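Here is what each chain is made of, one letter per residue.
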Amino acid sequence: MSHQNYGLISIDTGYFVPLQRIDVQVSINGLIASVKSELHYVSDKDENTETVFVFPLDSDAAVYEFEAEIDGRTIVAEVQEKSQAKETYQDAVASGYTAVYMSEADNAGDIFRLKLGNLPAKAAARLTLRYVQEVDVSSDKIGTFMLPRALNPRYVPKCSSQNSPSDASFRIHTIQSGVTYCPDFTMNLNAVIAGGTRMVDLTTKWEFDVLAEKMDEMISSSKQLDNGIDFSIVLHYKGFEQPGVVLETGSADKNNPFLSTDVLMVNFSPDFENLENQVPCEFVIIIDCSGSMMGSRMEKAKETLLLILKSLPVNCKFNIIRFGSGFSSLFLESSKYDENSLKVAMQLQKNLQADMGGTEILKPLENVFKNRLSGCHSRQIFLLTDGAVYNVPELVQLVRKQKNTRVFTFGMGDGCSTELIRDVAKAGNGKATFVKDSDRLQSKVMSVLKASIQSGITDVTLTWSLPTGCTAINVPENVPAIFDGEMFILYCIISGNVEESLFGKSSVVLTGHAGDKTLDYKMNFVLGSKKQTDADNLYPIHRLAAKASLTEMEISNVKESLMVSLSTTTNITCKYTAFVGVDKHSKEIVAKVMMQLIEIQTFDGSWQLTDNFSKILGNTMEQLRRESPVVDIDIWATALAVAFLRKNFLEQREEWEMVEKKALKWLSIKTNDDKDVLQEASKILSLPINDFC
């Protein structure tokens, strides 16, 4: 099991750049949270450092802006196709420029990795990112927004085809420690809540009442947070029973096919009449008993299991599977729920321990799915885990293939993998629930259990009634399962001109299946009643719609080119794209590197292959020596120096022209064909470092 560190870390040494301050601004408007995070670092090293910034975010968060300020210079990143972004970054770093590269981790969509190349010695760095995400809302209309402060280790199954990030050049050397803080570290939070009233200020959370009738009024609050805790903003929504509709108008840039459209966001809590309850079910409770579940998480899991066992309907079947590095089933196959089977299950519940090693979820799931369902039962799976795995895509694809099965996930504890918990529930037409270390879980468990014994609404279609000339495209295109009374958000891309003169009564009819029944649910709204024009060009609703679409594309294995197009258009990364930015104006760094190379030239015009020389060229002495085509290593070093000057400092040629002439004269004396060795040197310097490691 490998530990995932987070923070700003040296790629070569594993050194943690000290974190001085974090400033977070959160604006919550209805069910949308817009966040700006600034992280301030100060390097205490005497040389330039290539670093990687590793940080956790909710998998549903849409990161749309990233910038780095290094010693007063600002680098604004943009989204590019991933291989192109890597090439841009590597070329910039090799040329002595400061550059940034940020992408989702290859096998964890809720971990971002940012490479910061050529962080100058003793420099201050401010990393700023903006993102937007939906607020998690429970069935009792309580919303929660979490500030991520920690991330659990991720377990890599030995047999997995996705054991670790595949790109070795973007892997860091980790050390067993956490973030390094400056002695005077502070974390400052400022929040603005639309419709907020009656704030309660606690150590680990703020609580607000949010009134639908007061959404035009704002309440703000600031706080310096304690170190090492997860902090949440809890919102008690009142008056949100009626459907909410917001129309966000698009940008004036018609060259952007997505941001120039208008996007409609609709939120509602459906109340389906005559919805069938108590459908015959087979319940399979899969519980993580790995070492990472030790302590309070296992106690939460035991409480959850107790509530589920005591609340199961009498006409069901059930089974319990414990898993870690291996797995164990309570019954060989699901047993009828009766007094005897419940007694056996309760004995297991009392003795549960976190003593089964690693966290391999795939095998127990495969074992459940290979057993056929009996009779007219539908299978309801409850998966309880701290979400510490890397092979999420394999799990998602396995769950998607199942018929007559729903998967409900519980993320146990702070910092669990939001990607695993959310994506597996989406693929299984279930519901994702997060149980924080400080949460009471009774109401959350009962909400999930009620949803599991309902038929739920599947195969959902939407029929829109909009002004003449307007058409609607659903986002996501395939509407996920909907549960009675649960808050649900969907997006709609409006094509056509939405003129204010056409604003008026509109509606959408939701049609779906609950078992053998076909149900309709109609929502009426006034298009344009809450028109939102984005003066700051942030387009939060557009970004969330794009993120929802990209998530659906990834789960459904949509063609890569379509995902890249949407990602680069909206500046939101997916697994095929990355942020990249280059400081093209860092002349002082360019001059410093050039002068360092010139300074170590010998009196006769040659260079010697030393550690200092190799470091200036961004390689090791062993790497450069291994590639030498000549026996005399000083000839090779001199050719490399000339090639390096020509490749990286053409704009300063007047400054090193005489230095080069002196070197070429020395080469002509020492070798019969200095052109050949110069060509070889140029080839080597045109390659990324890891191509000749």
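Quick look at the structure, then.

### What about the overall build of the chain?
Counting its regular elements, the chain contains 15 helices and 33 strands. When burial is assessed residue by residue, the chain has 57% of its 693 residues classed as buried. Across the chain, the fraction of contacts at a sequence separation of at least 24, relative to all contacts at a separation of at least 6, is 74%. Accessible surface for the chain amounts to roughly 29900 Å². Of this, 48% is attributable to carbon and sulfur atoms.

### Considering the packing of helix α8 (residues 540-555) against helix α9 (residues 560-570)
Close contact between α8 and α9 brings their axes to 10 Å; oriented N to C, the two are set at 160 degrees. It follows from the interaxial angle that α8 and α9 lie roughly antiparallel. As for the relative orientation of α8 and α9, their crossing is left-handed in sense. Residue-level inspection shows R543, A546, S549, L550, M553 and E554 of α8 in contact with α9, the latter providing L562, M563, L566, S567 and T570. Across the contact of α8 with α9, the residue classes tally to six nonpolar, three polar and two charged.

### Some words on the nonpolar core
Counting 81 residues, the largest nonpolar core has V26, F66 and I233 as its most contacted members. Aside from chain neighbours lying at most four places away, what touches I233 is V26, I28, G143, T144, F145, A191, I193, W206 and F208. Ranked by size, the runner-up nonpolar core spans 37 residues in total, among them M293, L342, F410 and I453.

### Focus: helix α13 (residues 633-648)
Look at α13: 22 Å from first C-alpha to last across 16 residues, which is about the 22 Å you get at 1.5 Å a residue. With 13 of its 16 residues buried, α13 lies for the most part within the structure. Capping of α13 at its N-terminal end is provided by D632; its side-chain oxygen lies 3.0 Å from the backbone amide nitrogen of D634.

### Here we look at the pattern of salt bridges
A side chain with one charge can pair with a side chain of the opposite charge if their charged atoms come near. According to the stated counting rule, one finds 18 salt bridges in the structure shown. The closest approach of N and O atoms between K426 and D60, which form a salt bridge, is 3.3 Å. Taken as a pair, K426 in helix α6 (residues 418-427) and D60 in the loop between β4 (49-56) and β5 (62-70) lie far apart in primary sequence, 366 residues in all. We classify K426 as partly exposed; its relative accessible area is 37%. A salt bridge links K223 to D201; its shortest N-O distance comes to 2.9 Å. Here K223 is found in strand β16 (residues 218-224), whereas its partner D201 is found in strand β14 (residues 196-201), with 22 residues between them in sequence. Taking the relative accessible area as the measure of exposure, D201 reaches 42% and is therefore partly exposed. Sharing partners across several salt bridges, the network here consists of K36, E38, E67, E69 and R126.

Here is what the cut-offs are and how they apply
- Residues numbered from 1 in each chain as written.
- Predicted model: local features only at pLDDT ≥ 70, side-chain atom pairs only at ≥ 80, totals over all residues.
- Heavy atoms only, no water.
- Helix = DSSP H or I, 4+ residues; strand = E, 2+ residues; numbered from the N terminus.
- Buried < 20%, exposed > 50% of the residue type's maximum accessible area, 1.4 Å probe, protein only.
- Contact = heavy atoms within 4.5 Å.
- Areas by Shrake-Rupley, 256 points an atom, 1.4 Å probe, with all protein chains shown as cover.
- Axes fitted to C-alpha atoms, helices over the stretch in contact; angles between N-to-C directions.
- Parallel < 35°, antiparallel > 145°, perpendicular 65-115°, else oblique.
- Left-handed = near helix turned anticlockwise from the far one by under 90°.
- Nonpolar A, V, L, I, M, F, W, Y, C, P; charged D, E, K, R; others polar.
- Core = buried A, V, L, I, M, F, W, Y, C linked by side-chain atoms within 4.5 Å.
- Expected span 1.5 Å × (residues − 1).
- Polar contact = N/O pair within 3.5 Å; in protein donor to acceptor, adjacent residues only side chain to side chain.
- Salt bridge = Lys/Arg side-chain N within 4 Å of Asp/Glu carboxyl O.

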